[in-house]
Amino acid sequence: MNDSLTIWKGGKEGRTIVAGNSTASNLIHRIMLPPEDKKHMPEAKKPQLTQAEIELLQAWIQAGAPFSSRVIDLP
C-alpha cells in the first residue's frame with residue numbers, strides 16, 4: 001500500500017477500504033485477525049498497531065477515508 005490509488009483499487013480479496021464502513025473494509029478485518037494468522041496485518045514479526053491507532057484508522061474510514069484531509073480536521 002504505497003499510494004491512495006493502490007488502496008482504493010483493492011486486491012484479489014476485495015476492497016481494501018470501504019469508505020464510510022470500517023467493518024466492511026478488508027484493511028480493518030486483517031488488522032483485527034490474530035497475529036499468528038497468515039493474513040494478519042502487519043506481519044507478526046513487525047511492530048503491531050496499538051488500540052488507539054486501530055481506532056484512528058476506523059474513524060478515518062468511517063469519515064469517508066479522505067486522503068486530502070488531516071485526520072485531526074475530520075468531524
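A brief report on the enclosed structure follows. Note that this is a predicted model, so its numbers are computed, not measured.

Here is what the cut-offs are and how they apply
Residues numbered from 1 in each chain as written. Predicted model: local features only at pLDDT ≥ 70, side-chain atom pairs only at ≥ 80, totals over all residues. Heavy atoms only, no water. Helix = DSSP H or I, 4+ residues; strand = E, 2+ residues; numbered from the N terminus. Rg over C-alpha atoms; globule rule 2.2 N^0.38 Å. Salt bridge = Lys/Arg side-chain N within 4 Å of Asp/Glu carboxyl O. Buried < 20%, exposed > 50% of the residue type's maximum accessible area, 1.4 Å probe, protein only. Core = buried A, V, L, I, M, F, W, Y, C linked by side-chain atoms within 4.5 Å. Contact = heavy atoms within 4.5 Å. Expected span 1.5 Å × (residues − 1). Phe/Tyr/Trp six-rings, centres within 6.5 Å; stacked < 30°, edge-to-face > 60°.

## Focus: the overall build of the protein
And then number 1: Of the regular secondary structure elements, the protein holds three helices and zero strands.
And then number 2: Reading the protein from its N end, one meets helices and strands in the order α-α-α.
And then number 3: Over its C-alpha atoms the protein spans a radius of gyration of 12 Å, differing by no more than 12% from the 11 Å that the globule rule assigns to 75 residues.
And then number 4: Seen through its C-alpha atoms, the protein measures out along the principal axes to roughly 35 × 30 × 20 Å.

## Topic: the pattern of salt bridges
And then number 1: Using the criterion set out here, one finds three salt bridges in the structure.
And then number 2: Between aspartate 73 and arginine 70 there is a salt bridge, with the nearest N and O atoms lying 3.1 Å from each other.
And then number 3: Residue classification places arginine 70 among the exposed positions, given a relative accessible area of 55%.
And then number 4: Residues participating in the shared-partner salt-bridge network are Glu13, Arg30 and Lys39.

## Observations regarding the environment of proline 34
And then number 1: With respect to the helices, strands and loops of the structure, proline 34 is situated in the loop between helix 2 (26-32) and helix 3 (51-62).
And then number 2: On a C-alpha basis, the gap between proline 34 and serine 69 in space is 31 Å, while along the polypeptide they are 35 residues apart.

## Remarks on the nonpolar core
And then number 1: Judged by nonpolar contacts, Ile7, Ile17, Leu27, Ile28, Ile31, Ile54, Trp60, Ile61, Ala65 and Leu74 together constitute the single largest core of 10 residues.
And then number 2: Not counting residues within four places of it along the chain, the set of residues in contact with isoleucine 31 comprises His40, Met41, Leu49, Ile54 and Leu57.

## Here we look at helix 3
And then number 1: Over its 12 residues, helix 3 runs 16 Å from end to end, which matches the ideal 16 Å to within 8%, given 1.5 Å per residue.
And then number 2: Among the structural elements, helix 2 are those in contact with the buried residues of helix 3.
And then number 3: Immediately downstream of helix 3, the backbone of glycine 64 shows phi near 105°, a positive value.

## Re the environment of leucine 27
And then number 1: By secondary structure assignment, the location of leucine 27 is in helix 2.
And then number 2: Sequence spacing of leucine 27 and glutamine 58 is 31 residues, and the spatial spacing of their C-alpha atoms is 9.5 Å.

## Section: the packing of aromatic side chains
And then number 1: According to the stated counting rule, one finds one aromatic pair in the structure shown.
And then number 2: Taking 5.1 Å as the distance between ring centres and 90° as the angle between the ring planes, the aromatic pair formed by tryptophan 60 and phenylalanine 67 counts as edge-to-face.
And then number 3: Judged by its relative accessible area of 9%, tryptophan 60 falls in the buried class.

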